[in-house]
Amino acid sequence: MKPRTEKYLRSYAVAPARPLVASSLEGIETAVVIPALAERSSLFRTLATLAGNPSGELNRTLVVCVVNNHRPNIATAAEIRDNQETLHLLNSLVSGTLPPRSCQGGMREDLRRIAGSDLRLAIVDAS
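Owing to the predicted nature of the structure, the values given are computational and were not obtained by experimental measurement.

What counts and what doesn't
- Residues numbered from 1 in each chain as written.
- Predicted model: local features only at pLDDT ≥ 70, side-chain atom pairs only at ≥ 80, totals over all residues.
- Heavy atoms only, no water.
- Axes fitted to C-alpha atoms, helices over the stretch in contact; angles between N-to-C directions.
- Helix = DSSP H or I, 4+ residues; strand = E, 2+ residues; numbered from the N terminus.
- Parallel < 35°, antiparallel > 145°, perpendicular 65-115°, else oblique.
- Contact = heavy atoms within 4.5 Å.
- Nonpolar A, V, L, I, M, F, W, Y, C, P; charged D, E, K, R; others polar.
- Core = buried A, V, L, I, M, F, W, Y, C linked by side-chain atoms within 4.5 Å.
- Buried < 20%, exposed > 50% of the residue type's maximum accessible area, 1.4 Å probe, protein only.
- Pairing = 2+ DSSP bridges.
- Salt bridge = Lys/Arg side-chain N within 4 Å of Asp/Glu carboxyl O.

Student: Before we move on, can you summarise the packing of helix α2 (residues 40-51) against helix α4 (residues 77-94) with the specific residues and values?
Tutor: Between α2 and α4, the shortest axis-to-axis distance is 10 Å and the interhelical angle comes to 25 degrees. When the interaxial angle is binned, α2 and α4 end up roughly parallel. From α2, Arg-40, Leu-43, Phe-44 and Leu-47 reach across to α4, where they touch Asp-82, Glu-85, Thr-86, Leu-89, Leu-90 and Leu-93. Within the contact of α2 with α4, the residues separate by chemical class into 6 nonpolar, 1 polar and 3 charged.

In structure tokens, the structure reads:
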């Protein structure tokens, strides 16, 4: 892993309270960080688009999804629910399984495209 990637992970992503969840970090040269707060409806379309890049690029790039919440007195119940659903889907993808059939239409197709690609995905639960 490149020194800049290691520095970023030490400084921002890797902490006991907010561990980086990924299948592997071997061979990573570049990281793309996507902060998300209640963005389930668009995040997976973005990831599916990224998954369309050449395998060589995907194999050396880590896409880190950082799922955030507002402070408890500001976060709405809908935002918290959206984030929990997003984390569930992301965890399924990182573990190499296709998320549940409850996702329909375009989102289901996006999830299939992500799961069937060489996209290297990681999660930081900052919610």
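Student: I'd like a rundown of the nonpolar core, residues and numbers included.
Tutor: Core analysis: the largest hydrophobic core is formed by 22 residues, its most contacted members being Leu-43, Phe-44, Leu-47, Leu-90, Ile-114, Leu-119 and Leu-121. Elements with a minimum of two residues in this core: β2 (30-36), α2, β3 (61-68), α4, α5 (105-115) and β4 (120-126). Not counting residues up to four positions away in its chain, the partners in contact with Phe-44 are Thr-86, Leu-89, Leu-90, Leu-93, Met-107, Asp-110, Leu-111 and Ile-114. Counting 8 residues, the second largest nonpolar core, distinct from the first, contains Leu-62, Ala-122, Val-124 and Ala-126.

Student: Give me the lowdown on the sheet that holds strand β1 (residues 20-22), citing residues and values where you can.
Tutor: The strands that make up a sheet pair up through hydrogen bonds in the backbone, lying either parallel or antiparallel. Pairing is mixed in the open sheet, where 4 strands are placed in the order β1-β4-β3-β2. At either margin of the open sheet sits one strand with a lone partner, and together these are β1 and β2. Going from strand to strand, the sheet's axes swing by 25 degrees on average, the running direction of each strand aside. Alignment of β2 against β3, held across 7 bridges, turns out to be parallel.

Student: Could you give an account of the environment of Val-21, naming the residues involved and the relevant values?
Tutor: Here Val-21 lies in strand β1. In this structure Val-21 comes out as partly exposed when scored by relative accessible area, which is 33%. Put simply, Val-21 and Leu-121 are 100 residues apart on the chain and 8.6 Å apart in space, counted from C-alpha to C-alpha. Residue contacts for Val-21: discarding those within four places in its chain leaves Asn-91, Val-94, Leu-121, Ala-122 and Ile-123.

Student: Tell me what's going on with unusual backbone geometry, and back it up with residues and numbers.
Tutor: If you check the backbone angles, Ala-38 has positive phi at about 55 degrees while not being a glycine. Residue placement: Ala-38 occurs in the loop between β2 and α2.

Student: Give me the lowdown on the pattern of salt bridges, citing residues and values where you can.
Tutor: Considering all chains together, one arrives at 4 salt bridges under this definition. A salt bridge links Arg-40 to Glu-85; its shortest N-O distance comes to 3.0 Å. Of this pair, Arg-40 sits in helix α2 while Glu-85 is found in helix α4, placing the two residues 45 residues apart along the sequence. On the accessibility criterion, Arg-40 (24% relative accessible area) is partly exposed. Note that Glu-109 and Arg-112 form a salt bridge whose closest N and O atoms lie 3.8 Å from each other. Residue Glu-109 and its partner Arg-112 are located together in helix α5, separated by 3 residues, close to a single helical turn.

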